[in-house]
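Report on the structure
What follows is each chain in one-letter form.
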Amino acid sequence: EVEYPALRIAPEPPALSFREDFETEKSGKSPSGVELHLENRGDSILVTDETAFDGKNSVKITDSPNLEKSFNPHIVYNKLNYLSGKVHNSFALRVEKKTYINFEWRDYSDGGYFTGPMFTIRDGRLTVPNVKTIDIPVDSWMQFDITADLDDTAAGWNLQIRLEGEDKPLVFEGIAPVKKDFKRLDWIGITSNATESTSFYLDAFRLDAVSEGQ
């Protein structure tokens, strides 16, 4: 005879949108608001005032030959919860000759994960899988802009790269996701895969939804 109220399920949390320039962080300390994976065997992820894309600070990711896992150290932006619509992600990188970076978006909706946008930087060359490999400058800043429509992932994602001192950006459009089942953005990872002592810098990281008409 008891009458229970109708079942109400909490909605999905909103997509995580942010801009991080590390200007309020203290040099020599770990950056806040980001998931860090380290082994503390000569590897580190620290805010630095050695160089910056904009302002005074950036994050320096230092690799080491003494690590158990080659994908450490790495930075993760997690629980992003972009389920639909257009998404924009931009950031700046400054690499060395020995830098080996893997960058990717992931969809964790099916237990495992599906990789969408992805590129690698290794030995002064940038590779977009199944598209192109190009030479890039070392010891100078590059700005990356990525856009993707999660309602139409089959149409591919777009990448624009601005090199320091160059007027025109490099543009790649309609790049197929690494896995065709990629449909949502849960995770962004920037991994240092080097197996020797080397560093790279990250700055001006931005993630947000693209409004209609933009």
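The present account deals with the structure reproduced in this document. These figures come from a predicted structure and were not determined experimentally.

Scanning all chains against the criterion turns up twelve aromatic pairs. When the ring of Tyr-108 is compared with that of Tyr-113, the centres are 5.4 Å apart and the planes differ by 45°; the resulting orientation is tilted. The exposure class assigned to Tyr-108 is partly exposed, which follows from its relative accessible area of 33%. An aromatic cluster of three or more residues is present, and its members are Phe-18, Tyr-77, Phe-91, Phe-103, Phe-119, Phe-144 and Phe-205. The ring centre of Tyr-113 lies 3.8 Å from the NZ or CZ of Arg-106, which sits over that ring. We note Arg-122 situated over the ring of Tyr-100; from NZ or CZ to the ring centre the distance is 4.2 Å.

Turning next to the pattern of salt bridges. Scanning the model with the defined rule gives seven salt bridges in all. For Glu-196, the salt bridge goes to Lys-98, with nearest N and O atoms at 3.8 Å. Of this pair, Glu-196 sits in the loop between strand E14 (187-192) and strand E15 (198-209) while Lys-98 sits in the loop between strand E6 (86-95) and strand E7 (100-107); the two residues are 98 residues apart in sequence, bridging distant segments of the chain. For the salt bridge of Arg-184 with Asp-186, the shortest nitrogen-to-oxygen distance reads 2.9 Å. This pair shows no difference in class: Arg-184 is buried, exactly as Asp-186 is.

Moving on: unusual backbone geometry. In the segment running from Asn-72 into Pro-73, the intervening peptide bond is cis, with an omega of -5°. Within the fold, Pro-73 resides in the loop between strand E4 (58-63) and strand E5 (74-77). Positioned with a positive phi, Phe-22 is a non-glycine residue whose angle comes to about 65°. Tracing the backbone through its elements, the reader meets Phe-22 in the loop between strand E1 (18-20) and strand E2 (35-37).

Turning our eyes to something else, we now look at the side chain of Thr-51. Looking at where Thr-51 falls in the secondary structure, it is placed in the loop between strand E3 (44-48) and E4. At 3.1 Å, the side chain of Thr-51 forms a polar contact with the side chain of Trp-141. Once residues lying within four places of it in the same chain are set aside, the contact partners of Thr-51 are Lys-56, Asn-57, Ser-58, Arg-94, Trp-141 and Tyr-201.

This part takes up the nonpolar core. Tyr-77, Phe-119, Ile-121 and Phe-144 are the most contacted members of the largest nonpolar core, which has 44 residues in total. Excluding residues that lie within four positions of it along the chain, Ile-121 makes contacts with Leu-93, Val-95, Thr-99, Tyr-100, Ile-101, Leu-126, Ile-136, Met-142 and Phe-144.

Criteria and cut-off values
Residue numbers run consecutively from 1 along every chain, following the written order of its sequence. Only residues with pLDDT of 70 or above have their local features reported here, since the model is predicted, and side-chain atom pairs are shown and tallied only from 80 upward, although totals for entire chains, interfaces and linings are computed over all residues. The side-chain values count all of the structure's non-hydrogen atoms but skip hydrogen atoms and water molecules. Aromatic pairing here means that ring centres of Phe, Tyr or Trp (its six-membered ring) are within 6.5 Å. Orientation follows from the plane angle: under 30 degrees is stacked, over 60 is edge-to-face, and everything else is tilted. A simple rule labels every residue: compare its accessible area, found with a 1.4 Å probe on the protein chains alone, to the largest value its type can have, and call it buried under 20%, exposed over 50%, or partly exposed in between. Lysine and arginine charges are scored as sitting over a ring when NZ or CZ, respectively, is within 6 Å of the ring centre and within 35 degrees of the ring normal. Salt bridges are defined as contacts in which a side-chain nitrogen from Lys or Arg sits within 4 Å of a carboxyl oxygen from Asp or Glu. The way it works is that DSSP assigns letters per residue, a run of H or I at least four long becomes a helix, a run of E at least two long becomes a strand, and they are numbered from the N terminus. Counted as a polar contact is a pair of N or O atoms within 3.5 Å, where, for protein atoms, one must be capable of donating a hydrogen and the other of accepting one, and residues adjacent in sequence contribute only when both atoms are in side chains. We call two residues contacting when some pair of their heavy atoms lies within 4.5 Å. Definition of nonpolar core: a set of buried residues of the types Ala, Val, Leu, Ile, Met, Phe, Trp, Tyr and Cys, connected through side-chain atoms within 4.5 Å.

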